[in-house]
Amino acid sequence: MSILKGVGVALVTPFNEDLSVDFESLTKLVEYNIENGTSYLVVLGTTAEAATLSDEEKKQVIEHIIKVNNKRLPLVLGIGGNNTLEVKKQIEETDLSAFEAVLSVSPYYNKPNQEGLYQHYKALASTGKNIIIYNVPSRTGQNVEADTTLRLAKEFPNLLMIKEAAPNILQYFDILRKKPEGFSLVSGDDEYTLPVTLAGGNGVISVIGQAYPKEFSTMVQLAFDGKVKEAYEIHNKLVDITRLIFAEGNPCGVKVVLAEKGIIKNYLRLPLVAASEGLYSKIKAEMATI
């Protein structure tokens, strides 16, 4: 789907000191990204600490982002889990009229084999909704192999894209070489964004991109335009901050950057905790060089 091309950002959920959802900061974050070139917004992904939000809070966050965005950018909604029938039910029962697609992470913890992963996404495809496969083995414990992704892509047109975050970049390239027309791949690893886009990817669903939307969007557009040297200048400038924000897990690092920029407050919900003083200092020092 060409509308989901460029830099999508997996929005954090800002919290107040009492750990209630900070809707004022969420408004700032959405506006900051709209004003600085972000292509589309991903709502309630892993970066949003969605696992720690109640059903009512999720509903409120969704409604708030839809209202603030006011149809200015395309929206993607995260709905995933390790109970296939329950995920399918959620997708069927959720009002998706404001969303271009559902981003659905592969089942975690259960560690299904490749046939199980295929059958999971086949069940989700049967909803008739636009689905983005999300492969992130570091979190799920199981890799959706390239052959499985390609099998799904060829059989189910509404499985329209994969957010690929396998640790082996060769897997991205295998999918890009063999994928059917109409199926897209975006990087799920911020540091792989540029090489994957240059190889034919549709950009990225990013964490760091929400903190540096102008720089990241410019880099990706330069890649689309074939301006490799200029794109790598931006990539190289952002490599260290990108690595730092993941040093103690996500989203604690990007929340430091966003807090330093005055967009949100630096609070997370357990079991996640704020970045250590040492990491905070390193991130702050690196920000001063960008």
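Because the structure is a prediction, the values reported are computed rather than measured. (Residues numbered from 1 in each chain as written. Predicted model: local features only at pLDDT ≥ 70, side-chain atom pairs only at ≥ 80, totals over all residues. Heavy atoms only, no water.)

**Some points on unusual backbone geometry**
The general pattern is negative phi for most residues beyond glycine and trans for most peptide bonds. Put simply, the rule is: Helix and strand labels come from DSSP, where a helix needs a run of H or I of at least four residues and a strand needs a run of E of at least two; each type is numbered from the N terminus. Here's how the labels work: a residue is buried when its accessible area is under 20% of the maximum for its type, exposed when over 50%, partly exposed in between, all with a 1.4 Å probe on protein chains only.
Cis geometry marks the peptide bond from asparagine 250 to proline 251; its omega dihedral reads 10°. One non-glycine residue, leucine 44, lies in positive phi territory at about 60°. Counting through the fold element by element, leucine 44 comes out in the loop between β2 (40-43) and α2 (55-69). On the basis of relative accessibility, which here comes to 9%, the residue leucine 44 falls in the buried class. Positive phi outside glycine occurs at lysine 111, with the angle close to 55°. Relative to the elements of secondary structure, lysine 111 occurs in the loop between β4 (101-105) and α4 (114-125).

**Section: empty space enclosed by the protein**
Counted only if it meets this: With a 1 Å grid spanning the protein atoms alone, the term cavity applies to any set of points in which a 1.4 Å probe fits but cannot get out, the term pocket to an open set with protein on both sides within 12 Å along at least five of seven lines, and the term lining residue to any residue with an atom within 4 Å of a point. Grid points are joined across faces, edges and corners, and a volume is the space filled by probe spheres set on the points. Residues are grouped as follows: Ala, Val, Leu, Ile, Met, Phe, Trp, Tyr, Cys and Pro are nonpolar; Asp, Glu, Lys and Arg are charged; every other residue, Gly included, is polar.
Taken as a whole and judged by the stated rule, the model has two cavities of 30 Å³ or more. Lining of the largest cavity is provided by Asp190, Glu191, Thr193, Leu194, Phe216, Met219, His235, Leu238, Val239 and Thr242. For the lining of the largest cavity, the secondary-structure elements that each account for two or more residues are α8 (193-198), α9 (213-224) and α10 (228-245). Among the elements that line the lining of the largest cavity, the one with the most residues is α10, at four residues. For the lining of the largest cavity, the per-class residue count stands at five nonpolar, three polar and two charged. For the lining of the second largest cavity, the secondary structure elements donating two or more residues are β2 and α2. Each residue belonging to the lining of the second largest cavity can be placed in one class, and the counts come to nine nonpolar, one polar and no charged.

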